[in-house]
Amino acid sequence: MSLKIALAGNPNCGKTTLFNDLTGSTQYVGNWAGVTVEKKEGKLKGHKDVIIQDLPGIYSLSPYSPEEVVSRRYLIEEKPDAILNIIDGSNIERNLYLTTQLLEVGIPTVVAVNMMDIVEKNGDQINLKALSKELGCPVLPMTALHGKGKDEVVKAIVAAAESKDERAEAPHVFGGSIEHALAHIEESIENKCDASVIRWFAVKVFERDEAVVEKLGLSEDEKKHIDAHIQDCEKEMDDDAEAIITDARYTYIQGLVDKTIKKATSHGKMTVSDKIDRVVTNRWLALPIFAVIMFGIYYLVVQLGSTITDWTNDVLIGEWVLGSVSSWMEAGNVAPWLQGLVVDGVLGGVGTVLGFVPQMLVLFLLISILEDSGYMARVAFIMDRIFRRFGLSGKSFIPMLVGTGCGVPAIMATRTIENERDRRMTIMLSTFLPCGAKMEIIIMMVVTFFAGSAWMAPLMYFIGFGIVIISGIALKKTKYFSSDPAPFVMELPAYHLPTVKGVLIHVWERAKAFIIKAGTIIFSICVLLWFLMNFGFTNGHFGMVALEDSMLRSVGEVLAYLFKPLGFGNWQGAVASVSAELAKEQATATLAMLAGASQEAAESVQANAISALFGGSTLVGLSFMLFNIFNAPCLVAIVTAFREHASRKWGWITFAFQMGVGYGLALVVYQLGMLITEGVFGLGTVFAILLVLFVLWALFRPAKKVEEGQVMKAIA
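The notes below deal with the structure included here. Because the structure is predicted, anything quoted here is derived from the model rather than measured. (Residues numbered from 1 in each chain as written. Predicted model: local features only at pLDDT ≥ 70, side-chain atom pairs only at ≥ 80, totals over all residues. Heavy atoms only, no water.)

Another point: the overall build of the chain. Across its full length, the chain carries 31 helices and 11 strands. In the chain, buried positions account for 55% of the 716 residues. For the chain, restricting intrachain contacts to residue pairs at least 6 apart in sequence, the fraction spanning at least 24 positions comes to 73%. If you sum the accessible surface of the chain, you get close to 31600 Å²; carbon and sulfur atoms cover 62% of it. (Helix = DSSP H or I, 4+ residues; strand = E, 2+ residues; numbered from the N terminus. Buried < 20%, exposed > 50% of the residue type's maximum accessible area, 1.4 Å probe, protein only. Contact = heavy atoms within 4.5 Å. Areas by Shrake-Rupley, 256 points an atom, 1.4 Å probe, with all protein chains shown as cover.)

This is the structure in structure tokens:
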């Protein structure tokens, strides 16, 4: 029988780093049953019979967020064999709050004090033996980032899981009349649970945890008896139960800290992280610094990445892969239609997408370095100031930050937002920042129409920010989203140098998803497009035809009318835009296939062929790019949005809103661009001007004050 170990800790305590190190490639990611919170588990390396369950990062077991509910239910109902509690040694006081709750569950627990390198660097001293004695469980030092102390922690937690020895009694964190009341509560339920769990249940009942009350199966008389004691305690202490227990816990924790920890840093002395934060989180400098950093990232992606991409497209894929396969198939007298399918359809289409992987890797690498260093946590804090102005908190920025890698996890990351209205709104807005797949479109259009300009890619990033801010202000003034922003509390981890291993894991996770999509979804789309490009009806017969007579052209010409106001009203642009909704990076493969340039041709030749599809117009190319970047995300992300909304109605509202934003932006840019550059004025220009006026009205109109009951009815 396998052993189950629960990995628990606060956000940013190093839990994910340790989990990745302990499980390696044996991880399984899904959702908790009935709850839209990510579930991670994996087998402990070297121990096939030990399963590590990574609980969501939480600050307590109180039922305030989906993550806390999931963690508490798992510990109560699943009863793992042991709990490995990771705490941040540099913020030990706050981390111990969760520790006291975990110890009360009655499950064998090992506490791993992480980030000991920072503790030592600060000159602090933690008496681990004394802390272990006070808590009544093993307490071990560890630095997960460098793998120090990991082996000792693994041995201790496996031994604890195998021992099956439950704690006889949790630490006494209460006293006086509260302890007296708890004793009476315990007597009321003494035969309902194991002795080791009774105290924790009593504490949770005192905190009015209705889920635990139901779990106990108490009678109405027993519930009234407990409520009477709770009311007596609240009256005597002149406070509510929650505040009493919270104060008691921190009083207990402060006593632990005084006994076991010696701080070297004198009061008021600034740490290195504090000194850096005085600059990077400064009210006036924070945003300019962030803008410069993002410009630098995208400059390197376009300039450095394009050099590698050129070699990948022209040499690796163009000459080596396609050239070799073409020669081999011709020498083998392979049927022409099969040669076309393999070379032009599969290898050509998928190869075009994979050709941009080097630039994606550069982007993922740089973003991962910023994340692991601790800077991106500051960005969420910085953006909270801006987001709060239009009714959202910094919590809404975190999914958008995730979205720079992929829109699917970005939408899933909205689960951490408790407010339903804010969560729905964040789902609608989280994919407007260009993801890795959209970067392919940006790079292709930059190379084709903007001579590899270094400022175009970061410009798209900041346009995305602008759309989020403008949309947020406008949406918050409607009855569906009107509410005060939720409070945003986030720990800012200390700055540290990222490890090569940690960065490479992050890059690989993102790149793997990108490559898998190219090998599955994009492969299927390329085969379908090749079939539609090469088959059709002529003279009443179905068979292989020229591109001009293909089914793809027939379908594209019908759809082209929708895109005429945007400037790319030819069938090729329509088909590329539709394929982009299946997978954003597919737009590059589709245009390459429709351009008719040889796959072995140099990138400059392919760029000229693609430019010809849009009449060589930079304005049309810009319009195509804006529409396909800022409309609805790929099909997988759209389906994810429907699932996360848990409402077909809101799924369609989100899709329609995102498509409307992309279409409207491209319409305004193209129509007003034609008016300014060529003096063209028509019906499309009128619609563009009306749209601008509507957006201004939506931004500056007074917000409606809506009662809470009306809001809840509106979002139902």
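A large share of strand 5 (residues 82–88) lies buried, amounting to seven of its seven residues. Here strand 5 shows two buried faces, one formed by Ala82, Leu84, Ile86 and Asp88 and the other by Ile83, Asn85 and Ile87. Pairing of strand 1 (residues 3–9) with strand 5 involves five bridges; the strand directions are parallel. If you follow leucine 7 over to strand 5, its bridge partner there is leucine 84. Relative to strand 6 (residues 109–114), strand 5 runs parallel, the two being bridged by six bridges. Counterpart to leucine 84 in the pairing with strand 6 is valine 110. Running through helix 3 (residues 92–103), the crossover from strand 5 to the neighbouring parallel element strand 6 is right-handed. (Pairing = 2+ DSSP bridges. Right-handed = clockwise from strand over helix to strand, strands pointing away.)

Another aspect to go through is helix 29 (residues 648–678). Owing to its 3.6 residues per turn, the α-helix aligns residues three or four sequence positions apart on the same side. A rise of 1.5 Å per residue sets the reference length of helix 29, with its 31 residues, at 45 Å; its end C-alpha atoms lie 44 Å apart and thus fit the reference within 8%. Immediately beyond the C-terminal end of helix 29, within one or two residues, lies glycine 679, with a positive phi of roughly 70°. (Expected span 1.5 Å × (residues − 1).)

To continue, consider unusual backbone geometry. The phi angle at methionine 115 is positive, at roughly 60°, despite the residue not being glycine. Relative to the elements of secondary structure, methionine 115 occurs in the loop between strand 6 and helix 4 (116–122). Its identity as a non-glycine residue notwithstanding, asparagine 333 has a phi of 55°, on the positive side. Inspection of the secondary structure puts asparagine 333 in the loop between helix 13 (286–331) and helix 14 (336–354). Here asparagine 333 falls in the exposed class, since its relative accessible area comes to 69%.

Within this structure, the stated rule accounts for 21 aromatic pairs. Summarising the aromatic geometry, the rings of tyrosine 461 and phenylalanine 465 are spaced 5.3 Å apart at their centres and angled 75° between planes, so their arrangement reads as edge-to-face. Of this pair, tyrosine 461 and phenylalanine 465 both sit in helix 21 (residues 456–476), separated by four residues, roughly a single helical turn. When its relative accessible area of 1% is taken as the criterion, tyrosine 461 is described as buried. Grouping aromatic residues by their ring pairs yields a cluster made of Phe449, Phe563, Phe568, Phe614, Phe624, Phe627 and Tyr663. (Phe/Tyr/Trp six-rings, centres within 6.5 Å; stacked < 30°, edge-to-face > 60°.)

Under the 1.5 Å per step criterion, the end-to-end length of helix 27 (residues 618–630) is 18 Å for 13 residues, consistent within 8% with the ideal 18 Å. Burial runs high along helix 27: 12 of the 13 residues are buried. Along helix 27, the residues classified as buried are Leu619, Val620, Gly621, Leu622, Ser623, Phe624, Met625, Leu626, Phe627, Asn628, Ile629 and Phe630. Capping of helix 27 at its N-terminal end is provided by serine 617; its side-chain oxygen lies 3.4 Å from the backbone amide nitrogen of leucine 619. (Polar contact = N/O pair within 3.5 Å; in protein donor to acceptor, adjacent residues only side chain to side chain.)

Let's shift gears to the pattern of salt bridges. Using the criterion set out here, one finds 11 salt bridges in the structure. For glutamate 557, the salt bridge identified is with arginine 553, shortest N-O distance 2.8 Å. Of the two residues, glutamate 557 and arginine 553 are both situated in helix 23 (residues 551–563); the distance of four residues between them amounts to about one turn of the helix. Via salt bridges that share partners, Asp21, Lys45 and Lys150 belong to a single interconnected network. (Salt bridge = Lys/Arg side-chain N within 4 Å of Asp/Glu carboxyl O.)

Here we take up the side chain of histidine 645. Note on placement: histidine 645 falls in helix 28 (residues 635–645). Those residues in contact with histidine 645 that lie beyond four places of it in its chain are Arg424, Ile427, Trp650, Gly651 and Thr654.

So, about the packing of helix 15 (residues 357–373) against helix 20 (residues 436–449). Taken N-terminus to C-terminus, the directions of helix 15 and helix 20 make an angle of 125°; their axes are 10 Å apart at the nearest point. Accordingly, the angle class assigned to the pair helix 15 and helix 20 is oblique. At the point where helix 15 passes helix 20, the crossing takes the right-handed sense. The residues of helix 20 that touch helix 15, namely those facing Gln359, Met360, Leu363 and Phe364, are Gly436, Met439, Glu440 and Ile443. Residues that form the contact of helix 15 with helix 20 fall into these classes: five nonpolar, two polar and one charged. (Axes fitted to C-alpha atoms, helices over the stretch in contact; angles between N-to-C directions. Parallel < 35°, antiparallel > 145°, perpendicular 65-115°, else oblique. Left-handed = near helix turned anticlockwise from the far one by under 90°. Nonpolar A, V, L, I, M, F, W, Y, C, P; charged D, E, K, R; others polar.)

Counting residues in hydrophobic clusters, the biggest one holds 99 residues, and the most contacted among them are Met439, Met460, Phe614 and Met625. In this structure methionine 460 touches Pro434, Ile442, Leu622, Met625, Leu626, Ile629 and Phe630, once residues within four positions along its chain are discounted. Leu18, Leu44, Ile86 and Ala160 belong to the second largest nonpolar core, which has 24 residues in total. (Core = buried A, V, L, I, M, F, W, Y, C linked by side-chain atoms within 4.5 Å.)

With that out of the way, let us pick up the environment of alanine 130. As for its placement among the helices and strands, alanine 130 is situated in helix 5 (residues 128–135). Taking relative accessible area as the criterion, alanine 130 reaches 23% and is therefore assigned partly exposed. Once the C-alpha coordinates of alanine 130 and isoleucine 261 are considered, the two residues, 131 residues apart in sequence, prove to be 9.4 Å apart.

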